[in-house]
Amino acid sequence: MGRAKDVLISAALLVVGRHRRPRLGDGERIVPDGPAERGWESVAIVLFGLAALSALAFPILYGLDVSPSTQLLGISLGLSLVLAGAGLVVTAHKLVVTEEIEEDYPPEEHPEEQELVDRIVQESGGRLTRRRLFGLALGGAGGAIALALVTPVVSLGPVFRISPLLGTPWRRGRRLVDEDGRPWLASDIEENDFYTAFPEGADDEELGSPLILVRLPKHALRLPEHLRDFPANGIVAYSKICTHAACAISLYRTPLFAQDEPRRALVCPCHYSTFDPADGGSVIFGPAGRKLPMLPIHVDRKGHLRAAGNFDEPVGPSWWGVRLRKPNP
Amino acid sequence: MTTRRAAWLVALLALVAAVPAAAAPTPLVELGRHLYGQHCVACHGMNGVRTPRAIGFGRSRTQTEQEAVAPSLVGVGALAADFYLRTGYMPLPHLGLQPRRARVLFTERQLRALVGYVASLGPGPKVPTPHPQRGNISAGLHLFTDHCAGCHQIAAEGGYVTGAVAPPLEEATSTQIAEAVRIGPYVMPRFSTKAITDRQLDSIIAYVLYAKHPDDRGGWALGHLGPVPEGLVTWFVAAAALVLTCMAIGKRLKHG
Amino acid sequence: MIRKVVRFVDQRSGGAPLLRKTLRYLFPDHWSFLLGEVALYAFVVLVATGTYLALFYSDSTAEVRYHGPYRPLQGQEMTEAYHSVLNISFSVRAGLLIRQTHHWAADVFVAAILLHLLRIFFTGAYRKPRELTYLLGLSILGVSLLEGYLGYSLVDDLLSGMGLAIGYAVAVSIPFVGANLAELIWDGPFPGTHAFFSRMYIAHVFIFPILIAVLLTAHLALVALRHHTQFRAGPRQTERKIVGMPTFPGQTPRSLGLFLITAGVLFLLGGLAQINPVWLWGPYHTYSSTNGAQPDWYLGWLIGALRLMPGWDFAIGRYTVIPNPFWGGVLFPLAVFGFLLGWPWVERRFVSHDYGYHNLLDRPRDAPIRTGIGVGVFTFVAMIFVAGAADRIDVLFGWSYTSQIWTYRIAIWLVPIAIGVVAHRVCVELLEGEQAERSRRLAEELARRDGERHTLEEPA
């Protein structure tokens, strides 16, 4: 019993007790000496101690999973790191010497070495008679191998086929359905509201799929000649994908009191391209460079909305061919 | 004007007559009519019918446009009156502005009086009583994404529409949300019970109420706005702290 | 004890001379020299936290239904990728801490690189013989922007999906080849196939981090080979003599301390400040969007440029040569990077005509033209960056978005010029002031010596 106590006391003394500063060997010191800073030494020790405590809290908090766990875990880990870092900063400033040593910068260049390298290369090629041709052949081989090695990159996607970019699932007669696949009735579509529609049985996530439907009063429509018969009973259908940067147009600005408020518009929330639903989707404001593609629709005998063809323009953001081609059926 | 006034009197008389067991107009309706005359008539016109030439005030457009300056209130019902008055949207400080949430100018009694008066102008919808507790938050989030997030932002923190601001919904009560959905104030779409059923509306409201105090298990919520405030914290908290640390560690140039 | 370890290592590697040299490698002391270190430590935190996250993340875009603990998403359809990130945030213990720390570290990493770049630029540290170091640093910045973008895009929440859509639009907008290039990357038109997410994932956790690590190693190796630049703090510092403290014992506790504090700040933020709460954004579909969607701050300058562009595509006949997003999304960043990359050569050719070696740094005032041009360019970028948040400014302060956009469209050209000219003027004035002060002191000194001579001569 007494023995254990002795061991503990001596161990504690060993750790806590102050040692005489080590005597270094004779000869000139490399690192200059400085005065002891007992106060700062205590500060650093306390900081490291607190850092250890804070870090030890981490596994405990993790194990107990006390709420709010993310905050407690973050505080314990973050604080321990900051405390230990602060201890090291104290060490740097107060407990080790800050030397200011002077030294030469490395030489700007090594002309003799440069010369030697040049000679080694030149002399190694001394046996070649047609250097230029040799170099060309070697370079050609290297280039061709590199080309061969990058060729498989083409498999990554249909790089030479642009038809996928023009494809939309819309074709004549295809019904307009909602997100759950229920067909939209023309009578569902009311003025001053907007609706999202998809082609029946197609992939909703394709850029060519989603439509935004709005119903406008007859007198409000100002469609250009070639789009005159695109609406059905005042319902107009546009691609929901902005022609600027492919975001979904999910803002419909429809004034309650038209005399005094901004006029009807479809707006994209990414860069605020603003389109006029009344005149075929022209750009009123914002960075879009192209009008919104419009889909011709009609109402079938059961009152369901159906596509009457494909969009008047390719859907999605502009690329080199959007004005050259029509969307694929 | 005189025929209008006569019609108005007739309407009022009819209204009064319709009130059972009361020979004279109740004080509340009388108060409502009085307040209407004070605060609303200039734009909405006598009797809630917009006049071809209303009396403008402030820098209004009425001087140049001889058109109505505000929508007719006949048939908007208690629902609209309740919404606009309790949000402080009305009365507008001056014409042509987007109505914004503001201090409510009226006492509870005055509110009831005005709402009652506007409701009396013509048959219209009552103040709705939504039941968000019956709603489903997950369905609400889904519907909110489809119908509302484009303008109001996915966590209902508000947003911008060209030419208008979609207000944040932090202060909106269940009733106000239900009212706004049915009215479509300013440039907001109007959703009928066909587009959004009352049941779906309950779910949307349940979600909006949830979004006022959502699960912020990550800590300081930064307004649920994402990258903009996160960038501010990066620069003004993290980068600032780390630059100060660098300055504490390294030397500064002394001028000489 | 130490001796024993050193002997063991030296006998097996012959590394003792190198080790000794490394310990006494010199670091000139100035706080701004530590900014690059902050970036390095943020990168270390990124690699560590990112590795942990990769153990839980799934790159699959298969549709699953959510039945986890977060009620507002229960029953919703989402991709496995998004689902796995929800799990990291809700079900993996300490997962959210690590995720948030990773995201904060990314934001801080780029911020620290930018601060470091500003220091390098305005002190002329990029001059010969350090142009390569500078180019490598800029490449790290460029790759990091892409790396960060891929990182938050992998989550497949509503915000990241919208960001990818914009990225796609920018890619297809590249003249002549954009559409084909985008099809290559996405494996077809947006949103691409499941292969696209595998590609993003491998790029984010393998290709780009390794690229950054390689560039970083080369960057640091060049710094060490050429030694660090220094300010002329006194007469001891010259173009040929470096004055600094050795790696050990001077620099080591400083750097280690800075590392720990950087990591500590990041973990504190990761625990206390919510970043990218993806559960609030919900899953992405091409047909959904939210208002106020923004990229992380370091891409904010691009959304600003996209929004400021007036609405037209440049078409010749029916051929669309330059679709609109190209200006803001490609040309603008290319121009800014082009300016930064080319500046050392432009400066020496047209401005300073100085082809010499430089180990001593300029203070910003010492090179008024550089400072003026630099301040102008950075103001230009900063204004476009702020314009990216114009919608929030409208919502918060009521300054109409449309009038802001029109103001910016003009102001981004005029204000930087004005500020650049002012900066130049300030530098010149400061220099002249110093010059005057120096001549005054010189005159005083001469007068004093004169007096001394007189007093000395008088008795004679």
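Computed from a predicted model, the values in this text were never measured in an experiment. (Residues numbered from 1 in each chain as written. Chains lettered and ligands numbered in written order. Predicted model: local features only at pLDDT ≥ 70, side-chain atom pairs only at ≥ 80, totals over all residues.)

## Details of the overall build of chain B
Moving on, step 1. A tally of regular secondary structure across chain B gives ten helices and two strands.
Moving on, step 2. In chain B, the succession of helices and strands from N to C terminus is α-α-α-α-α-α-α-β-β-α-α-α.
Moving on, step 3. For chain B, long-range pairs separated by at least 24 residues make up 68% of all intrachain contacts whose partners lie at least 6 apart in sequence. (Helix = DSSP H or I, 4+ residues; strand = E, 2+ residues; numbered from the N terminus. Contact = placed C-beta atoms within 7 Å.)

## Side note on the overall build of chain A
Moving on, step 1. Looking only at helices and strands, one finds six helices and twelve strands in chain A.
Moving on, step 2. The burial tally for chain A puts 38% of its 329 residues in the buried class.
Moving on, step 3. If you take every contact in chain A between residues at least 6 apart in sequence, the share linking residues at least 24 apart comes to 56%. (Buried ≥ 20, exposed ≤ 12 C-beta atoms within 10 Å, placed from the backbone.)

## Some points on the packing of helix H4 (residues 77–86) of chain B against helix H5 (residues 108–120) of chain B
All names here are of chain B.
Moving on, step 1. For the pair H4 and H5, interaxial distance at closest approach is 8 Å and the crossing angle is 145 degrees. Here H4 and H5 pass one another in a crossing that is right-handed. Contacts from Gly77, Ala78, Ala81, Asp82, Leu85 and Arg86 of H4 reach H5 at Leu111, Leu114, Val115, Val118 and Ala119.
Moving on, step 2. Of the residues contributing to the contact of H4 with H5, the split by class is eight nonpolar, one polar and two charged. (Axes fitted to C-alpha atoms, helices over the stretch in contact; angles between N-to-C directions. Left-handed = near helix turned anticlockwise from the far one by under 90°. Nonpolar A, V, L, I, M, F, W, Y, C, P; charged D, E, K, R; others polar.)

## Looking at the pairing of strand S6 (residues 319–322) of chain C
All names here are of chain C.
Moving on, step 1. Relative to S6, strand S5 (residues 314–316) runs antiparallel, the two sharing three bridges. Paired with Ile316 across the two strands is Tyr319, which belongs to S6.
Moving on, step 2. Connecting S5 to the next strand, S6, in antiparallel fashion are two residues, including Gly317 with a positive phi near 60 degrees. (Pairing = 2+ DSSP bridges.)

## Section: the nonpolar core
Moving on, step 1. The biggest cluster of nonpolar side chains holds 253 residues, and the ones touching the most others in it are A:Ala246, C:Ala42, C:Phe109 and C:Ala112.
Moving on, step 2. For this core, the leading source of residues is helix H5 (residues 95–123) of chain C, giving 17 residues.
Moving on, step 3. In contact with A:Ala246, other than residues within four places in its own chain, are A:Leu207, A:Ile241, A:Gly316, A:Pro317, C:Ala165, C:Ile166, C:Tyr168, C:Ala169 and C:Phe190. (Core = buried A, V, L, I, M, F, W, Y, C linked by C-beta atoms within 7 Å.)

## Overview of the interface of chain C and chain A
Moving on, step 1. Contacts between chain C and chain A engage 81 residues on the former and 72 residues on the latter.
Moving on, step 2. In terms of residue count, the dominant contributor to the side of chain C that touches chain A is helix H10 (residues 247–272) of chain C (17 residues).
Moving on, step 3. Residue composition of the side of chain C that touches chain A, by class: 47 nonpolar, 22 polar and twelve charged.
Moving on, step 4. Bridge analysis of strand S1 (residues 101–104) of chain A against strand S4 (residues 241–246) of chain C gives four bridges, and the strand direction is antiparallel. Directly across from A:Glu103, in S4(C), lies its bridge partner C:Ile242.

## Quick notes on the pairing of S4(C)
Moving on, step 1. Relative to S4(C), strand S1 (residues 26–27) of chain C is paired through two bridges, and the arrangement is antiparallel. Paired with C:Leu26 across the two strands is C:Pro246, which belongs to S4(C).

## Things to note about the sheet that holds strand S3 (residues 194–199) of chain A
Strand pairing in a sheet relies on backbone hydrogen bonds. The paired strands run either parallel or antiparallel.
Moving on, step 1. With respect to topology, five strands assemble into an open sheet ordered S2-S3-S4-S5-S10 (chain A), the strand pairing being antiparallel. Two strands lie at the open edges of the sheet, namely strand S2 (176–177) and strand S10 (294–295) of chain A, each paired on one side alone.

## Here's the deal with the sheet that holds S4(C)
Moving on, step 1. Strand order in the open sheet made by the three strands is S1(A)-S4(C)-S1(C), with antiparallel pairing throughout. Strands with a single pairing partner mark the edges of an open sheet, and in this sheet they are S1 of chain A together with S1 of chain C.

## A short note on the confidence of the model for chain B
Note: predicted coordinates in regions of low pLDDT should not be interpreted at a detailed level.
Residue and element names in this part refer to chain B.
Moving on, step 1. Per-chain confidence: chain B averages 84 in pLDDT, with 81% of residues scoring 70 or above.
Moving on, step 2. Segment residues 9–23: pLDDT under 50, and four contacts once partners within four positions in sequence are set aside and those in other chains are kept.
Moving on, step 3. pLDDT under 50 marks residues 53–66. Its contacts with residues more than four places away, or in other chains, come to 25 contacts. (pLDDT = per-residue confidence, 0-100.)

## Considering helix H12 (residues 300–308) of chain C
For an α-helix the count is 3.6 residues per turn, leaving residues at separations of three or four pointing the same way.
Moving on, step 1. Counting buried positions along H12(C) yields nine of nine residues, so the element is predominantly enclosed.
Moving on, step 2. Where H12(C) is concerned, the buried positions are C:Gly300, C:Trp301, C:Leu302, C:Ile303, C:Gly304, C:Ala305, C:Leu306, C:Arg307 and C:Leu308.

## Looking at helix H2 (residues 38–64) of chain A
All names here are of chain A.
Moving on, step 1. Spanning 27 residues, H2 covers 39 Å between terminal C-alpha atoms, matching the ideal 39 Å at 1.5 Å per step.
Moving on, step 2. Residues Ala44, Leu47, Ala51, Ser54, Phe58 and Leu61 constitute the buried set of H2.
Moving on, step 3. A positive phi of about 55 degrees marks Asp65, the residue just after H2. (Expected span 1.5 Å × (residues − 1).)

## Observations concerning the interface of chain B and chain C
Size of an interface: often given as the accessible area lost when the parts come together.
Moving on, step 1. Opposite the 52 residues of chain B that make contact, chain C presents 61 residues.
Moving on, step 2. Secondary structure elements with two or more residues in the side of chain B that touches chain C: helix H6 (137–147), helix H7 (149–152), strand S1 (159–161), strand S2 (164–166), helix H9 (198–212) and helix H10 (227–249) of chain B.
Moving on, step 3. For the side of chain B that touches chain C, the leading source of residues is H10(B), giving 16 residues.
Moving on, step 4. Across the side of chain B that touches chain C, the residue classes break down as 29 nonpolar, 17 polar and six charged.

## A look at the packing of H6(B) against H9(B)
Residue and element names in this part refer to chain B.
Moving on, step 1. Contact geometry of H6 with H9 gives a least axis separation of 7 Å together with a crossing angle of 95 degrees. In terms of orientation, H6 and H9 fall into the roughly perpendicular class. On H9, the residues touching Ile137, Ala139, Gly140, Leu141, Leu143 and Phe144 of H6 are Gln200, Ser203, Ile204, Ala206, Tyr207 and Tyr210.
Moving on, step 2. Across the contact of H6 with H9, the residue classes tally to nine nonpolar, three polar and no charged. (Parallel < 35°, antiparallel > 145°, perpendicular 65-115°, else oblique.)

## Points about the environment of C:Arg438
Moving on, step 1. Structurally, C:Arg438 is set in helix H16 (residues 401–457).
Moving on, step 2. Taking the C-alpha atoms as reference points, C:Arg438 and C:Arg254, 184 residues apart in sequence, are found 36 Å from one another.

## Concerning unusual backbone geometry
Moving on, step 1. The omega torsion across C:Lys128 and C:Pro129 is 10 degrees, close enough to zero to call that bond cis.
Moving on, step 2. Looking at the element boundaries, C:Pro129 is found in the loop between H5 and helix H6 (131–153).
Moving on, step 3. Phi at A:Asn192 is positive, roughly 70 degrees, even though this residue is not glycine.
Moving on, step 4. Mapped onto the fold, A:Asn192 is located in the loop between S2 and S3.
Moving on, step 5. For A:Asn192, a count of 21 C-beta atoms within 10 Å puts it in the buried group.
Moving on, step 6. Of note, C:Ala94 is a non-glycine position whose phi angle comes to about 70 degrees, a positive value.
Moving on, step 7. For C:Ala94, the location among the structural elements is in the loop between helix H4 (80–90) and H5.

## Let's talk about the environment of B:Val208
Residues and elements named next belong to chain B.
Moving on, step 1. Relative to the elements of secondary structure, Val208 occurs in helix H9.
Moving on, step 2. Taking the C-beta count within 10 Å as the criterion, Val208 has 25 such neighbours and is therefore assigned buried.
Moving on, step 3. Separated by 36 residues in the primary sequence, Val208 and Leu244 have C-alpha atoms spaced 41 Å apart.
Moving on, step 4. The contacts of Val208, once residues within four sequence positions are left out, are Ala156, Leu169, Ala172 and Ile177.

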